[in-house]
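A closer look at the structure
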Amino acid sequence: MKAIKKFLRKGRFQRNSVTLRRDLESLEDSYFLPVIRWMNRQLINISQASGRRIVYLMGKAEGHNENWHGHVTALTVAPQYRRLGLANQLMDILEDISEKKNCYFVDLFVRVSNAVAISMYKKLGYIVYRTVLQYYSGDPDEDAYDMRKALSRDVKRKSIIPLNEPVRPEDIE
């Protein structure tokens, strides 16, 4: 039994197999706290009936004019619950929220080495819009793909015309 619920502020501190994995992209509390205060309504998680979190998505709406869009800040699924369509469910919810907010597109950043995630996003209709050089810190730093999916407001699909040249993190709007 599972339940889709709003991600509450206190939920960030419920450490478990979703939030404490070295092989997953994880954000520090110093990042999460202001984000959670600012955009609590766009945080979604799926938990078991026991309350144990098994997947969560953090998203937001941002930008201006034709760059007004939904953004996936973080999407994480506990290993034993992968390939069950749970991430797809949360992506659908965020896309629906973004449609209701009259966004032009939804975007996200993913490591270029994360073939499984890239494949999933492509199956959901996302395209590689551009490469962002050295987006992820590490040894060595790693590039990211900025992946996008146009929404109904972008009738001409201008938001998903791929850029040919890579950009640097400081060049992202």
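Residues numbered from 1 in each chain as written. Predicted model: local features only at pLDDT ≥ 70, side-chain atom pairs only at ≥ 80, totals over all residues. Heavy atoms only, no water.

The name an unreviewed UniProt entry assigns to the protein is N-alpha-acetyltransferase 20, from the organism Meganyctiphanes norvegica. Under the UniProt heading Sequence similarities (unreviewed entry), the note attached to the protein is "Belongs to the acetyltransferase family. ARD1 subfamily." (UniProt positions renumbered as here; feature names shortened; annotations may be inferred.)

1. Comments concerning the pattern of salt bridges
Where charged atoms from two side chains of opposite charge come close, those side chains can pair. Taken as a whole, this structure holds eight salt bridges when the rule is applied. Across the salt bridge formed by Glu66 and Lys158, the nearest N and O atoms sit 3.3 Å from each other. One end of the pair, Glu66, is in the loop between strand E3 (53–62) and strand E4 (69–77); the other, Lys158, is in the segment after strand E7 (142–150), with 92 residues separating them in the sequence. Since its relative accessible area comes to 47%, Glu66 is described here as partly exposed. Residue Lys158 is classed as partly exposed on the basis of its relative accessible area of 45%. Residue Glu170 pairs with Arg168 through a salt bridge whose shortest N-O separation is 3.5 Å. For Glu170, a relative accessible area of 60% gives the class exposed. (Salt bridge = Lys/Arg side-chain N within 4 Å of Asp/Glu carboxyl O. Helix = DSSP H or I, 4+ residues; strand = E, 2+ residues; numbered from the N terminus. Buried < 20%, exposed > 50% of the residue type's maximum accessible area, 1.4 Å probe, protein only.)

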